[in-house]
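# What the coordinates show
Listed here are the chains, written in short residue letters.
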Amino acid sequence: TPFYNLQNSFDNFFKKKTKYPRFKKKNKSNNFLYIANDKIKINKNRIKVPCLNSEIKMTEKLRLDGKINSVTFSKKADKYFVSIQVETSNLEQTLSKGSIGIDLGIKSLAVTSDGHILESLAPLKNNLRKLKRQQRKFSKKIKGSKNREKQKLKIARIHIKITNKRKDILHKMTSFLTTNYNNISIEDLNVSGMIKNHNLARSISDIGMYEFRRQLEYKSKNRGVNLTIIDRFYPSSKTCSCCSIIKKDLSLKDRIFKCESCNLEIDRDYNAALNINKIGKALPKFTPVEITALRKKVFPYYVSSISESGIEHLVA
C-alpha cells in the first residue's frame, strides 16, 4: 500500500493534478500507519501491534470472518481509528427485486420514483456559524503556542462532526437502496462542473453527490445490484413522465412541472425520478460491438451497455 500510494502521487503529479510528492510532515498531513497481515494479531476486540508491549482495546469486535490482508491505523482530530482489510467470499444479497429511479438535488438530497423524499441534513450549513467563530479565535492565537494547538483541535473536531453526519446519512441511504432494490437508476451528474456555480457550490458540496454515487457503485457491485447511469444530457426534469413531451422552457425556479399536452401537474424532482426509473427499466442491453454500430440516440431512450460487473452505463 505505501508503494501504491506513492505511485498514485507520481501519476497525479505527471497529470498536473497535484504538486511533486513530498515526505509527510507532522501536523501537516493525514497521520496513518500501514501494517501487513503477518505482523498483526487480533483477539476478539483487542489488537496486537508490533513494538508495543500491551494490546490495544478496540470499541468493537471484527465483524467479518476471513483472511486479514492488512491493517491501517489513522488519526482524526484526537481520535484513533483502525481499518482492517479482510478477504471474504460472503456477499450480501438484496431482499427484493424492485426497480427504482433516484433524482439528486439541492433542496432534497434524493427523491425516488416510489415517492420517498430524503431531506438534506446540510451538516456544513448548520455548523457553519460555530465553525467560523472557532476559526476567528484560532487566527488570534500566537503561532507555536499551546493555546493555538488546542484551538486547532477544536476546529478539527467540528470538521469531523460535519463529515460523520454527511457520511452517516449517505451510508444509510445507499445501504437501504442496494438492499431493497435489484435495479437502481441515477443520473450521471457533472458535479465538478456544477460546483463552478459560486451561488450553489457550497450547497452542492454539502450534500455529497459524488460520495453518494461512489457508495452506490461499490455496494451495488458487492450485492449484485444492476446500477444504471443515465446520460447527463438526458432531459429528465423537462420530460413529461406521462406523455414524454419535452418542456424546453422549464427553468430552475419552476418546482412544479405542468404539462400543456396532458395537463399533468407534478413535483419537478418526482417527475425526474419517474423518468429516470422508466429509462432504467426500458433500456435494452447491447455488446460493445453493437454499441459502436448504434452510437446514437434511440428516442426517447438511450442505448445502454454493461461496462463492468453490476454497473450499466448509458451512451449517447
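Note: the structure precedes this text.
First, a word on what this report is: a plain description of the structure on this page. Worth saying up front: this structure is predicted, and the values here are computed from it rather than measured. (Residues numbered from 1 in each chain as written. Predicted model: local features only at pLDDT ≥ 70, side-chain atom pairs only at ≥ 80, totals over all residues. Heavy atoms only, no water.)

### A short note on the overall build of the chain
Rules: Going along the chain from the N terminus, every DSSP run of H or I of four or more residues is numbered as a helix, and every run of E of two or more is numbered as a strand. For the exposure calls, accessible area comes from a 1.4 Å probe over protein chains only, and a residue counts as buried if that area is under 20% of its type's maximum, exposed if over 50%, partly exposed in between. In this analysis, two residues are considered to be in contact whenever any of their non-hydrogen atoms come within 4.5 Å of each other.
Within the chain one finds 8 helices and 16 strands. Every one of the 316 residues in the chain was classed for burial, and the buried ones make up 32%. Within the chain, contacts between residues at least 6 apart in sequence are counted, and of these 55% link residues at least 24 apart.

### Focus: helix α2 (residues 123–139)
What counts here: To estimate the expected span of a helix, count its residues, drop one, and scale the result by 1.5 Å. Throughout, bend refers to the angle between the axes fitted to the seven residues that end at a position and the seven residues that start at it.
Between its first and last C-alpha atoms α2 spans 23 Å; for 17 residues at 1.5 Å apiece the expected length is 24 Å, and the two agree. At Arg129, α2 is bent by approximately 45°, the largest bend along its length. Residues Pro123, Asn127, Leu128, Leu131 and Gln134 constitute the buried set of α2. Where α2 is buried, its residues contact α3 (146–180) and α5 (201–207).

### Concerning unusual backbone geometry
The residue Lys44 is not glycine, and still its phi comes out positive at about 55°. On the secondary structure map, Lys44 appears in the loop between β2 (41–43) and β3 (46–48). The class for Lys44 is exposed, based on a relative accessible area of 61%. With a phi angle near 50°, Ala122 is a residue other than glycine that sits in the positive phi range.

### Considerations on the sheet that holds strand β6 (residues 79–87)
Condition: Two strands qualify as a pair provided DSSP detects at least 2 bridges between them. Axis angles are defined between N-to-C directions and span 0 to 180 degrees, where every axis is a line fitted to C-alpha atoms and, for a helix, only to the segment in contact.
The strand order β1-β5-β6 describes an open sheet built from 3 strands, whose pairing is antiparallel. The sheet is open, and its two borders are formed by β1 (32–36) and β6, each paired with just one other strand. Neighbour to neighbour, the strand axes of the sheet diverge by 15° on average, direction disregarded. As paired strands, β1 and strand β5 (residues 67–76) are joined by 5 bridges and run antiparallel to one another.

### Examining the packing of α3 against helix α6 (residues 209–223)
Basically, it comes down to this: For a crossing to be left-handed, the near helix must be turned anticlockwise from the far one by less than a right angle; the clockwise case is right-handed. Residues are sorted three ways: Asp, Glu, Lys and Arg are charged, Ala, Val, Leu, Ile, Met, Phe, Trp, Tyr, Cys and Pro are nonpolar, and all the rest, Gly among them, are polar.
For the pair α3 and α6, the least separation of the axes is 9 Å and the interaxial angle reads 35°. The two elements α3 and α6 meet at a crossing, and its hand is right-handed. For the pair α3 and α6, contact is made by Leu170, His171, Met173, Thr174, Ser175, Leu177, Thr178 and Thr179 and by Glu211, Phe212, Gln215, Leu216, Tyr218, Lys219, Ser220 and Arg223, respectively. Across the contact of α3 with α6, the residue classes tally to 6 nonpolar, 7 polar and 3 charged.

### Concerning α6
What counts is decided by this rule: The arc refers to the directions leading from the helix axis to the C-beta atoms.
Taking 1.5 Å of rise per residue, 15 residues should cover 21 Å, and α6 covers 21 Å from first to last C-alpha, within 8% of that figure. Every buried residue of α6 is listed here: Met209, Glu211, Phe212, Gln215, Leu216, Lys219, Ser220 and Arg223. One face of α6 carries all of its buried residues, which in axial projection span an arc of 155°. Looking one or two residues beyond α6, the residue adopting positive phi is Gly224, at roughly 70°.

### Observations regarding the packing of aromatic side chains
Under the convention used in this document: When two rings of Phe, Tyr or Trp (its six-membered ring) have centres within 6.5 Å they constitute a pair, described as stacked for plane angles under 30 degrees, edge-to-face for angles over 60, and tilted for the intermediate range. Consider the ring centre and the ring normal. A charge sits over the ring if Lys NZ or Arg CZ is within 6 Å of that centre and within 35 degrees of that normal.
This model, assessed by the stated rule, comprises 5 aromatic pairs. For the ring pair Phe10 and Phe14, a centre distance of 6.2 Å and an interplane angle of 25° mean the geometry is stacked. Taken together, the residues span about one helical turn, with Phe10 and Phe14 both in helix α1 (residues 2–14) at a distance of 4 residues. Under the relative-accessibility criterion, Phe14 is labelled exposed at 62%. Aromatic side chains Phe10 and Tyr20 sit 5.6 Å apart centroid to centroid with 85° between the ring planes, which places their arrangement in the edge-to-face category. One end of the pair, Phe10, is in helix α1; the other, Tyr20, is in the loop between α1 and β1, with 10 residues separating them in the sequence. Given a relative accessible area of 24%, Phe10 falls into the partly exposed group. The positively charged end of Lys76 is found above the aromatic ring belonging to Phe81, 5.8 Å away from the centroid.

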